[in-house]
Structures are given as structure tokens and as C-alpha cells.
Amino acid sequence: MKHNIFIKKTCKEDSSLFFTLRNEKVNRKYSGNPKKIDKKKHDEWFSKNYKSKLFYTCSYNSKKIGYIRGEENNGLIKVSIAINKKYHGKGYSSL
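Before going into details, it helps to say that this report is about the structure given with it.

For the rest of this paragraph, the subject is helix α3 (residues 39-49). Along α3, the positions that sit buried rather than exposed are H42, F46 and N49. Mapping the buried residues of α3 onto a view down its axis gives an arc of 80°, with all of them on the same face. In α3, those exposed residues whose orientation departs by more than 90 degrees from the buried face are K40, K41 and K48.

This part covers a nonpolar patch on the surface. Together, L54, I77, V79 and I81 make up an exposed nonpolar region whose accessible area comes to about 340 Å². Examining the composition of the nonpolar patch, we find that three residues originate from one element, strand β4 (residues 76-83), more than from any other. Position of V79 relative to the elements: it lies in strand β4.

Calculation notes
- Residues numbered from 1 in each chain as written.
- Predicted model: local features only at pLDDT ≥ 70, side-chain atom pairs only at ≥ 80, totals over all residues.
- Heavy atoms only, no water.
- Buried < 20%, exposed > 50% of the residue type's maximum accessible area, 1.4 Å probe, protein only.
- Helix = DSSP H or I, 4+ residues; strand = E, 2+ residues; numbered from the N terminus.
- Arc of directions from axis to C-beta.
- Patch = residues over 30% accessible without salt bridge, like charges linked within 9 Å, V, L, I, M, F, W, Y side chains within 5 Å.
- Areas by Shrake-Rupley, 256 points an atom, 1.4 Å probe, with all protein chains shown as cover.
- Salt bridge = Lys/Arg side-chain N within 4 Å of Asp/Glu carboxyl O.

So this is what it looks like as C-alpha cells:
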């Protein structure tokens, strides 16, 4: 199945998308930290990191549906993918 997924560098306006997706129950389950994230802490973290790190926003049919985030450590990049639960099971995050 072919999907027209577009990926762009994350901008400041994508903060609420990251916050919402990160706090979805299923995404928390796989995040390594199952606790809900506080909005104020998220805003501080996002503002500090979204420009300098590997943050990308994914869209399908002009609707933002998820993100890809990379965190570099010792030459390796740990990749996090979060997709809106409405789009789970449709192959959007698979190759």
C-alpha cells in the first residue's frame, strides 16, 4: 500500500502535536517513561531542543499525524516515532 507521507523539519508550532502524541497512552507505553508529561516542562524541553536536534513532523493529506525524533549519543542515533492513534495499523510508520 502506498502512502503519501511528507516529512518536514519541526517548527515551533508543532509543539502541541508532540505534547499530545507523547501523552497518548499507547505512546507512553513504548516511550521508556510511561508517565504523563507536564505541559510546562514539555514547553521548556521543546523550545530548547526542536531547532538543534533531529525533530521532524509527519503529515498525510496535509494533516499532521506524527513525528520522528532522533537523539544522538556517542555517534549513534536513537529514533523515536509517534503516530496519532487514529492512524495506527495503517502502515504509516513502516518501510
